[in-house]
Amino acid sequence: MSYIWDLTLSVMQSQYVTYKKFPDAREAMALQHFLIENGIESVFADTSPGIGSAMTGDYGKEYEVQLKPEQFEAADQLLESYAESMIGSLPEDYYLLSFTDEELYEVVLKHDEWSEFDYVLARRLLAGRGKPVDEAEIQHLRQKRMEDLAKPETDQSSWVWRGYGLALAGGFFGVITGYVLWTSKKTLPNGQVVPMYSDKDRMHGKIILFVGILVLILTLLKILFYSDN
């Protein structure tokens, strides 16, 4: 019964992708609760690397709030509205106030790398300086940025050859390398999920995976054969 529940939970969570990342669990859970209270389904996930967490404690911890891709825009609008209401309580020494126009434009362009508060404030500050944001230009630049972010990682030939070597040497680590190259994906700021690596590298990953599995099976059969004799 527990297995069925874990499988069901895994399938449900697979529908969600990363929306925001936090080094503090409380911040992530606060955002999750805020979204749920406003009608947006979300999932809290501890994505900290297991080995790093065990060795360094809280250092290196990472938590995510995950949403369904179609909910990203609604979540952005909700957080922007909330940030707008908070600007009245801005402290006089807030760091964004010392930003140049170019730096503020960078905040607006790379909206996903900044808090909603900073994004809204950057737009307000630019407008106050007589340099309001050209919405059409920003959308064009963001689209170009999404296209750049969607591009696969650069040539992975060193990993490919290493993967073939590992697959032929013993199977297990080759299987892992091949699986990573073949299946790894990344989530863009707009919620779109795209392959991490190029079609060529992914094809190599698939081959490495199956070669590794084959070598692993042959190795196990060899061990069993000699153990019986």
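Cut-offs used in this document
- Residues numbered from 1 in each chain as written.
- Predicted model: local features only at pLDDT ≥ 70, side-chain atom pairs only at ≥ 80, totals over all residues.
- Heavy atoms only, no water.
- Helix = DSSP H or I, 4+ residues; strand = E, 2+ residues; numbered from the N terminus.
- Buried < 20%, exposed > 50% of the residue type's maximum accessible area, 1.4 Å probe, protein only.
- Contact = heavy atoms within 4.5 Å.
- Areas by Shrake-Rupley, 256 points an atom, 1.4 Å probe, with all protein chains shown as cover.
- Axes fitted to C-alpha atoms, helices over the stretch in contact; angles between N-to-C directions.
- Parallel < 35°, antiparallel > 145°, perpendicular 65-115°, else oblique.
- Left-handed = near helix turned anticlockwise from the far one by under 90°.
- Pairing = 2+ DSSP bridges.
- Nonpolar A, V, L, I, M, F, W, Y, C, P; charged D, E, K, R; others polar.
- pLDDT = per-residue confidence, 0-100.
- Core = buried A, V, L, I, M, F, W, Y, C linked by side-chain atoms within 4.5 Å.
- Expected span 1.5 Å × (residues − 1).

A. Summary view of the overall build of the protein chain. Counting its regular elements, the protein chain contains 10 helices and five strands. By residue count, 31% of the 229 residues in the protein chain fall in the buried class. Counting only contacts in the protein chain whose residues sit at least 6 apart along the sequence, the fraction spanning at least 24 positions is 66%. A total accessible area of about 14,700 Å² is found for the protein chain, and carbon and sulfur atoms account for 60% of it.

B. Seen up close, the packing of helix α5 (residues 101-109) against helix α6 (residues 116-128). Contact geometry for α5 and α6: axes closest at 9 Å, N-to-C directions at 140°. In this view, α5 runs oblique relative to α6, as classed from their interaxial angle. The hand of the α5/α6 crossing is left-handed. Residue-level contacts link Asp101, Leu104, Tyr105, Val107 and Val108 of α5 to Asp118, Tyr119, Ala122, Arg123, Leu125 and Leu126 of α6.

C. View of the pairing of strand β3 (residues 63-67). Here β3 lies mainly inside the structure; five of its five residues are buried. Burial along β3 is two-sided: the residues Tyr63, Val65 and Leu67 and Glu64 and Gln66 are all buried. The pairing of strand β1 (residues 17-22) with β3 spans five bridges and is antiparallel. From the neighbouring strand, Phe22 faces β3, where its bridge partner is Tyr63. Bridge analysis of strand β2 (residues 43-46) against β3 gives four bridges, and the strand direction is antiparallel. In the sheet register, Ala45 faces β3, and the bridge partner there is Glu64.

D. Up close: the packing of helix α8 (residues 157-169) against helix α9 (residues 172-183). Close contact between α8 and α9 brings their axes to 7 Å; oriented N to C, the two are set at 145°. Seen along the crossing, α8 lies across α9 with a hand that is left-handed. On α9, the residues touching Trp159, Val160, Gly163, Leu166 and Ala167 of α8 are Phe173, Gly174, Thr177 and Leu181. Tallied by class, the residues present in the contact of α8 with α9 amount to six nonpolar, three polar and no charged.

E. Structural detail: the confidence of the model for the protein chain. Predicted confidence across the protein chain gives a mean pLDDT of 82, with 87% of residues reaching 70 or more. Across residues 1-13, confidence stays below pLDDT 50; counting only partners more than four residues off in sequence or on other chains, it has two contacts. Overall, residues 51-57 carries pLDDT values under 50, and its contacts beyond four positions in sequence, including any with other chains, amount to four contacts.

F. Geometry of the side chain of Thr177. Mapped onto the fold, Thr177 is located in helix α9. Apart from residues lying up to four places away in sequence, Thr177 is in contact with Trp159, Gly163 and Leu166.

G. View of the nonpolar core. Grouped together as the largest cluster of nonpolar side chains are 17 residues, with contacts concentrated most on Leu96, Leu104, Val108, Phe117, Leu121 and Ala122. For this core, the secondary structure elements donating two or more residues are α5 and α6. With seven residues, the single largest contributor to this core is α6. Beyond its immediate chain neighbours, meaning those up to four positions away, Phe117 contacts Ala83, Met86, Ile87, Leu90 and Tyr94. By size, the runner-up hydrophobic cluster in this structure holds 14 residues, among which are Tyr19, Leu31, Ile40 and Leu67.

H. Looking closely at the environment of Gln71. By secondary structure assignment, the location of Gln71 is in the loop between β3 and α4 (72-86). Residue classification places Gln71 among the partly exposed positions, given a relative accessible area of 25%. Put simply, Gln71 and Ile40 are 31 residues apart on the chain and 7.1 Å apart in space, counted from C-alpha to C-alpha. Not counting residues up to four positions away in its chain, the partners in contact with Gln71 are Ile40 and Glu41.

I. A look at α4. Spanning 15 residues, α4 covers 21 Å between terminal C-alpha atoms, matching the ideal 21 Å at 1.5 Å per step. Taken together, the buried residues of α4 touch β1, α2 (25-37), β3 and α6.

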